[in-house]
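Chain by chain, the residues:
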Amino acid sequence: DLITLAKDNFINLKIDAESDYGKPIFERFRGTGYPLIIFLDTNGDELDRFYGYLPAYEFIIKMNNVLDGNNTLTDYLDKYEKGNHTAEVIKSLAYKYRDKGENKKALKLFNDLILTSDISKEDYSNAKYLIASLNLENNAIQHMLDYLNSFEDSDDFENGVFDLVYYYKSNQMEEEELSAYTTYARKLHQS
């Protein structure tokens with residue numbers, strides 16, 4: 001079913017993103033992982049994307065969403081531009097931009113998300129983590145430190161610790177890295 005749907009409705013192209021031909025394409029689309037599946041319209045504009053392997057039935061759902069124009073980047077962007085600023089639309093659009101590597105747009109939307117009145121406690125906590133994580137890319141460490149001090153019971157706490165440690169490690173900040181291990185290892189062990 002998946003192969004038939006793909007052949008009947010899409011022009012399918014597989015590119016090795018590590019080849020001389022594929023590297024510039026992967027960079028153009030700001031790929032961050034493999035496999036990267038991108039759906040483009042006839043003008044070459046991105047409709048949607050996802051990363052990783054999916055079971056066939058989930059892949060079929062993704063393809064049908066693209067064909068129907070539902071739950072895609074363009075769908076959420078259209079809703080948002082028409083004034084739908086519900087937590088669900090903002091969250092979905094923020095994730096789409098993050099997946100595209102457009103982190104400034106994602107960061108703005110995650111900041112907007114935490115101000116919405118219809119956000120769940122779980123989405124609020126997750127948005128705070130993603131704001132802190134995206135800010136690490138701008139060398140704004142304090143956001144992550146604040147997150148880790150305020151959201152120890154969050155499902156994303158461990159991810160935040162690893163993000164901070166990785167940031168210190170990649171910036172050769174050995175004392176800060178050791179301090180983060182010492183401080184947060186106890187908290188991770190307690191949870």
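Notes on the structure in this doc start here. Keep in mind it's a predicted model, so treat the numbers as computed, not measured.

Turning next to the packing of helix H5 (residues 87–100) against helix H7 (residues 121–136). Here H5 crosses H7 at 30°, and the two axes come no closer than 12 Å. The orientation of H5 with respect to H7, classified from their angle, is roughly parallel. When you trace H5 past H7, the crossing you get is left-handed. Residue-level inspection shows Lys91, Tyr95 and Arg98 of H5 in contact with H7, the latter providing Asp123, Asn126, Leu130 and Leu134.

For the rest of this paragraph, the subject is the side chain of Thr116. Among the secondary structure elements, Thr116 is positioned in the loop between helix H6 (103–113) and H7. Residue Thr116 is classed as buried on the basis of its relative accessible area of 14%. A polar atom in the side chain of Thr116 sits 2.8 Å from the backbone oxygen of Leu113. The residues contacting Thr116, other than those within four sequence positions of it, are His85, Ala87 and Ile90.

The next subject is a nonpolar patch on the surface. Taken together, the side chains of Leu13, Ile15 and Tyr21 define a hydrophobic patch exposed on the protein surface, amounting to about 340 Å² of accessible area. The exposure class assigned to Tyr21 is exposed, which follows from its relative accessible area of 57%.

Analysis parameters
- Residues numbered from 1 in each chain as written.
- Predicted model: local features only at pLDDT ≥ 70, side-chain atom pairs only at ≥ 80, totals over all residues.
- Heavy atoms only, no water.
- Axes fitted to C-alpha atoms, helices over the stretch in contact; angles between N-to-C directions.
- Helix = DSSP H or I, 4+ residues; strand = E, 2+ residues; numbered from the N terminus.
- Parallel < 35°, antiparallel > 145°, perpendicular 65-115°, else oblique.
- Left-handed = near helix turned anticlockwise from the far one by under 90°.
- Contact = heavy atoms within 4.5 Å.
- Buried < 20%, exposed > 50% of the residue type's maximum accessible area, 1.4 Å probe, protein only.
- Polar contact = N/O pair within 3.5 Å; in protein donor to acceptor, adjacent residues only side chain to side chain.
- Patch = residues over 30% accessible without salt bridge, like charges linked within 9 Å, V, L, I, M, F, W, Y side chains within 5 Å.
- Areas by Shrake-Rupley, 256 points an atom, 1.4 Å probe, with all protein chains shown as cover.
- Salt bridge = Lys/Arg side-chain N within 4 Å of Asp/Glu carboxyl O.

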